[in-house]
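# Residue-level structural notes
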Amino acid sequence: MKRLEKAARRDRSKLSARAALAPAAFLAPFMTGLAIFTLYPFVNVILISFKEKYKMLTGEFSAFGTENYQAVLGDPNFLNGLRNTGLYVLFVVPAATVIALFLAYLLNKEIKLKGLFQTCYFLPMVTSVTAIGLVWKWMFNYDYGLINYLLSLFGADAVNWLNNPAYNLPALIIYGIWSMLPFTIILLLAGFQNINAQYYTAARADGAKPGKIFLRITLPLLAPTIGLTLIINMISASKVFSELFPLFNGQPGSAYSLYTVVYYLYDAFYVQWKLGRAAASAVILFVIVLALTLVQLFIQRKWKNY
Amino acid sequence: MSRTIAYAILALGALTMVFPFFWMIVSSLKTAAEVNTTPPTFLPESPTFDNYVYAFEKAPFARYFLNSVIVTAACVASTMFTTILAAFAFSRLKFPGRDVLFASLLALMMIPFEMLIITNYQTIVGWKLTDTRWALIIPFTSSIFYTYILRNFFLSIPDSLYYSARVDGASNWRYLWRVMVPMAKPALATIGLLNAITCWNAFLWTVLVTNSPENRTLPFGLYAFMTSSGIRYERLMAAATIVVIPMVILFVCFRKNIVTGVSRGGLKG
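Residues numbered from 1 in each chain as written. Chains lettered and ligands numbered in written order. Predicted model: local features only at pLDDT ≥ 70, side-chain atom pairs only at ≥ 80, totals over all residues. Heavy atoms only, no water.

### Looking at the interface of chain B and chain A
Taken together, the contacts link 92 residues of chain B with 90 residues of chain A. Taken together, the connections running from chain B to chain A amount to zero salt bridges. Examining the composition of the side of chain B that touches chain A, we find that 17 residues originate from one element, helix 1 (residues 3-28) of chain B, more than from any other. Tallied by class, the residues present in the side of chain B that touches chain A amount to 68 nonpolar, 19 polar and five charged. (Contact = heavy atoms within 4.5 Å. Salt bridge = Lys/Arg side-chain N within 4 Å of Asp/Glu carboxyl O. Helix = DSSP H or I, 4+ residues; strand = E, 2+ residues; numbered from the N terminus. Nonpolar A, V, L, I, M, F, W, Y, C, P; charged D, E, K, R; others polar.)

The structure is reproduced here in structure tokens:
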């Protein structure tokens, strides 16, 4: 009898050991990738940013300190990058959101050819920045570009978008607004569709005009979605980088005056091999993104029970 | 606002969004002389495929294309595998600290990838994988975002199904692949598509870890083509078309999946 009981207990403990191992086994492939390529580099880059005179090959460094941060924050190129990134975010995000709001409002109506319109509006989202950036480079061309041709139809002078440093940022902003629209329209359209149709029925029954309905019902109910969209777009716009490669042949603008935060990071790392500075600028980028994300979470929480 | 004006505005907007694609294809079919004319012609006078032939002959675009297909397929397959297993563990299996672990993973989502390139580059160098296609695949096998989407989908499948399958003697493994995965096909399609688009278009990391033409993918190949063969827009537009067309086809076929995926995640594809 006793032996039987013992065997049963052994069986049970074996079973529970297997049951305990199951989650570990299922999570192992996922967690391994995450640990090596997200968690470890995250911790490591913060460490590197505080290591002075860090050497990449040997991993040697002289001391822990804030030298890298002082160097980055005193570097005119980084300050130029902060300024440009800030201006880019400031122009692109509000402009794209307002245009997208308008278009999403129209797309949400009972219209024909909805599928065709959606395909047109969302197409730029799936295409490579390098490829479509090249098309924009061609359209921005001084002599034969389409944009200058359109300007000439209105009697305006040709603009040297890509070779006159004064117009580099405007060109990047125009392209940025265009490429941000699809994603923004999708998010806002989802927001429109979440508004309960009963509000509209009630308002119409009361004889409210369309303009008033939009201002008094749609806009307030859409506010959380708009807030969320703004923040998500601010985060993605503050990482502007790849667009510079096709537009300016891999340089930060035609006169090296169009650095962005991520371009600075890339340049410090891959061109200058100043790893400490690159790491410090990466941490600064993270702090910016973190701050924006916290605002996003705050907005989401605040509007949860709307 | 009257209906006609609404349609007019929508059509104008749609035209603006699609026009660069139209212009890319039209320019790629023109001769060098016709590209550089004012006023521009909106349809090529005598369409020619010479620019495509040139791109495929002067730069190994066929090779780039193959590399992009291989890297994208490998990324999607490995990511799907780790995602399915992890989403299952986070939705069906019970273990201490599960929800705390999951919440802290979600917090990791806000780390920008750009921040990680320095150390990931060192890792790839340490593993002697620079300038291989492995370097484009291995760092991207785990995605918190896709796991999050799939876990939520798995949670919507009733528990009772799980317990009855377990009583019938099915193992976790069998239950996952025979019951849950087939049921989650729509969610898996969405995740797979978003993942494929991201892999296909990846640029920054590709520039860092690959170098020789044999290992380049299309976006980097296109950029190299631009810097090496000079600015000849009819040729560049042909090359750009080669890069863009596969994703356009994918999008036109699976628009609904992609759009739901994007609006659910609120994350750029």
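This is not the end of the story, as more comes after the structure.
### Thoughts on the packing of aromatic side chains
This model, assessed by the stated rule, comprises 56 aromatic pairs over all chains. Measuring from ring centre to ring centre gives 5.1 Å for Phe42 of chain A and Phe286 of chain A, while their planes differ by 70°; the resulting arrangement is edge-to-face. Here Phe42 of chain A is found in helix 1 (residues 2-50), whereas its partner Phe286 of chain A is found in helix 12 (residues 275-302), with 244 residues between them in sequence. You can call Phe286 of chain A buried: its relative accessible area is 13%. Ring centres of Phe113 of chain B and Trp205 of chain B lie 6.0 Å apart, and the angle between their planes is 75°; this geometry places the pair in the edge-to-face category. In this pair, Phe113 of chain B is assigned in helix 6 (residues 113-126) and Trp205 of chain B in helix 12 (residues 204-209), connecting sequence segments 92 residues apart. Take Phe113 of chain B: its relative accessible area is 27%, and that puts it in the partly exposed class. One Lys or Arg, Arg235 of chain B, reaches over the ring of Tyr54 of chain B and ends 3.6 Å from the middle of that ring. (Phe/Tyr/Trp six-rings, centres within 6.5 Å; stacked < 30°, edge-to-face > 60°. Buried < 20%, exposed > 50% of the residue type's maximum accessible area, 1.4 Å probe, protein only. Lys NZ or Arg CZ within 6 Å of the ring centre and 35° of its normal.)

### Some details on the state of the cysteines
Simply put, the disulfide is a covalent bond whose two ends are the sulfur atoms of two cysteines. Taken as a whole and judged by the stated rule, the model has zero disulfides over all chains. The thiol of Cys120 of chain A is not disulfide-bonded; the next cysteine sulfur, from Cys253 of chain B, is found 15 Å away. Considering cysteine sulfurs only, Cys75 of chain B is the nearest to Cys199 of chain B, which forms no disulfide, with 3.6 Å between them. (Disulfide = S-S within 2.5 Å.)

### Observations concerning the environment of Arg166 of chain B
All names here are of chain B. When you line up the elements, Arg166 lands in helix 9 (residues 159-167). Residue classification places Arg166 among the partly exposed residues on the basis of a relative accessible area of 35%. For Arg166, the side chain forms a polar contact with the main-chain oxygen of Ala170, separated by 3.2 Å. (Polar contact = N/O pair within 3.5 Å; in protein donor to acceptor, adjacent residues only side chain to side chain.)

### Observations concerning the environment of Thr16 of chain B
All names here are of chain B. Tracing the backbone through its elements, the reader meets Thr16 in helix 1. When its relative accessible area of 45% is taken as the criterion, Thr16 is described as partly exposed. Here the side chain of Thr16 touches Leu12 through a polar contact of 2.8 Å, landing on its backbone oxygen.

### Points about the domain arrangement of chain B
Residues and elements named next belong to chain B. When the domains of chain B are assigned, the result is domain 1 (1-48) and domain 2 (59-264). In this assembly, nine residues from domain 1 lie in contact with eight residues from domain 2. Buried surface at the junction of domain 1 and domain 2, both sides included, amounts to about 660 Å², of which 80% is carbon and sulfur. By the criterion of area lost to domain 2, the three top residues of domain 1 are Met24, Ser28 and Ala32, representing 59% of everything that side buries. For the pair domain 1 and domain 2, the number of links is zero salt bridges. On inspection of domain 1 and its partner domain 2, the count reaches zero residue pairs in polar contact (both at pLDDT 80 or more). Elements with a minimum of two residues in the side of domain 1 that touches domain 2: helix 1 and helix 2 (32-35). A total of five residues in the side of domain 1 that touches domain 2 trace back to one element, the largest contributor, which is helix 1. In terms of residue class, the side of domain 1 that touches domain 2 is built from five nonpolar, three polar and one charged. (Domains from an automatic or database assignment. Buried area = accessible area lost by both parts, 1.4 Å probe.)

### Looking at the domain arrangement of chain A
Residues and elements named next belong to chain A. Segmenting chain A into domains produces domain 1 (2-49) and domain 2 (74-305). Here the C-alpha centroids of domain 1 and domain 2 sit 42 Å apart. Across the domain 1/domain 2 interface, buried area totals approximately 410 Å², and carbon plus sulfur atoms make up 90% of it. The interface formed by domain 1 and domain 2 holds zero salt bridges in total. Taken together, the links from domain 1 to domain 2 amount to zero residue pairs in polar contact (both at pLDDT 80 or more). A per-class count over the side of domain 1 that touches domain 2 returns four nonpolar, one polar and no charged.

### Points about helix 3 (residues 50-58) of chain B
Residue and element names in this part refer to chain B. When helix 3 is considered as a whole, its buried residues turn out to be Asn51, Tyr52 and Ala55. Projection of helix 3 onto a plane perpendicular to its axis shows the buried side chains occupying an angular sector of 100°, all on one side. In helix 3, the exposed residues that point more than 90 degrees away from the buried face are Asp50, Glu57 and Lys58. Where helix 3 is buried, its residues touch helix 1, helix 4 (61-91), helix 13 (218-229) and helix 14 (233-253). (Arc of directions from axis to C-beta.)

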